[in-house]
Structures are given as C-alpha cells and as structure tokens.
Amino acid sequence: MARLHEYQGKAILAANGFKIPRGRAVSNPDDAIAIAKEFAADSKSAEVVIKIQAWTTGRAGIGGVAFAKKPVDVRGHAARMLEMKVGQFPVEAVQVEEKIDIDK
C-alpha cells in the first residue's frame, strides 16, 4: 500500500485533470504566511485552510486543521502545527490552501 500525504495526492489528481484548490506544503511558518499573502492578492477572499500533513485520520479533532481569514493569522497556526507530534512522528509540513465553498 502506498502512503501519500494530502499534498502528494492532490498533485497526482491535478496532473490528471482534476480541479483542486490552490495550495502548497511548507515546512516553516514564514513560507506559510507568504503563500497566504499570495492567495489573498490573487482572489477576492483571503481565507485559507492550514492542515498538518500526517498519515492519520481525524486531523481536525487533534488540532491539525485551522482556518485563517487573514494572512497574518496563518503564522500562529502553522507554527503551532509544526511543533505537533502525531503518535511518535513529528509534523514536518503543513498544507496551506485556499478555502473553497463545498457544495456536497
């Protein structure tokens, strides 16, 4: 069985023509805020989602998913998440992506 992080799976989907939200995985808070600023400059909404990249389910329940309405709020979420451990494994990356409305 292959194990992929979310950002890896989304890259495969995008390469095969599926529409996915813009996002990138980063390993430090400064890069996370830079991505959020880039997305805010390119769209009408500055809201992004920050998610730990770990091989686990229930990321939201352990504090591994956060929403930020302004780029300045991203740094704190990313820094906190990059200090987390999931089981015995440290979180080495977070995905920062544009927040989209979900129909279903």
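Residues numbered from 1 in each chain as written. Predicted model: local features only at pLDDT ≥ 70, side-chain atom pairs only at ≥ 80, totals over all residues. Heavy atoms only, no water.

Caption draft 1: Geometry of the nonpolar core. With 20 residues, the main nonpolar core has Val48, Ile50, Ile52, Val74, Met81, Val94 and Val96 as its most contacted residues. At the level of elements, helix 2 (29-42), strand 2 (48-52), strand 3 (65-68), helix 3 (74-82) and strand 6 (94-98) are the ones that each hand at least two residues to this core. Once you skip the residues sitting within four places of it in the chain, valine 74 turns out to touch Ala32, Ile33, Ala36, Val48, Ile50 and Ala68. (Core = buried A, V, L, I, M, F, W, Y, C linked by side-chain atoms within 4.5 Å. Buried < 20%, exposed > 50% of the residue type's maximum accessible area, 1.4 Å probe, protein only. Helix = DSSP H or I, 4+ residues; strand = E, 2+ residues; numbered from the N terminus. Contact = heavy atoms within 4.5 Å.)

Caption draft 2: View of the side chain of glutamate 6. The topology assignment puts glutamate 6 in helix 1 (residues 6-15). The exposure class of glutamate 6 is buried, given its relative accessible area of 19%. In this structure, glutamate 6 is in contact with Lys51, Gln53, Arg59 and Glu97, ignoring residues within four places of it in sequence.

Caption draft 3: Summary view of the pairing of strand 2. Among the 5 residues in strand 2, 5 count as buried, and that is most of the element. Relative to strand 6, strand 2 is paired through 5 bridges, and the arrangement is antiparallel. The residue of strand 6 that forms the bridge with isoleucine 50 is valine 96. (Pairing = 2+ DSSP bridges.)

Caption draft 4: Focus on the pattern of salt bridges. Per the stated rule, a full pass over the model turns up 8 salt bridges. Between lysine 10 and glutamate 6 there is a salt bridge, with the nearest N and O atoms lying 2.9 Å from each other. Separated by 4 residues within a single helix, lysine 10 and glutamate 6 lie in helix 1, roughly one turn from each other. Per residue, the accessibility class of lysine 10 equals that of glutamate 6, and both read buried. Residue arginine 22 pairs with glutamate 98 through a salt bridge whose shortest N-O separation is 3.4 Å. (Salt bridge = Lys/Arg side-chain N within 4 Å of Asp/Glu carboxyl O.)

Function cannot be inferred from these measures alone, as they are strictly geometric.
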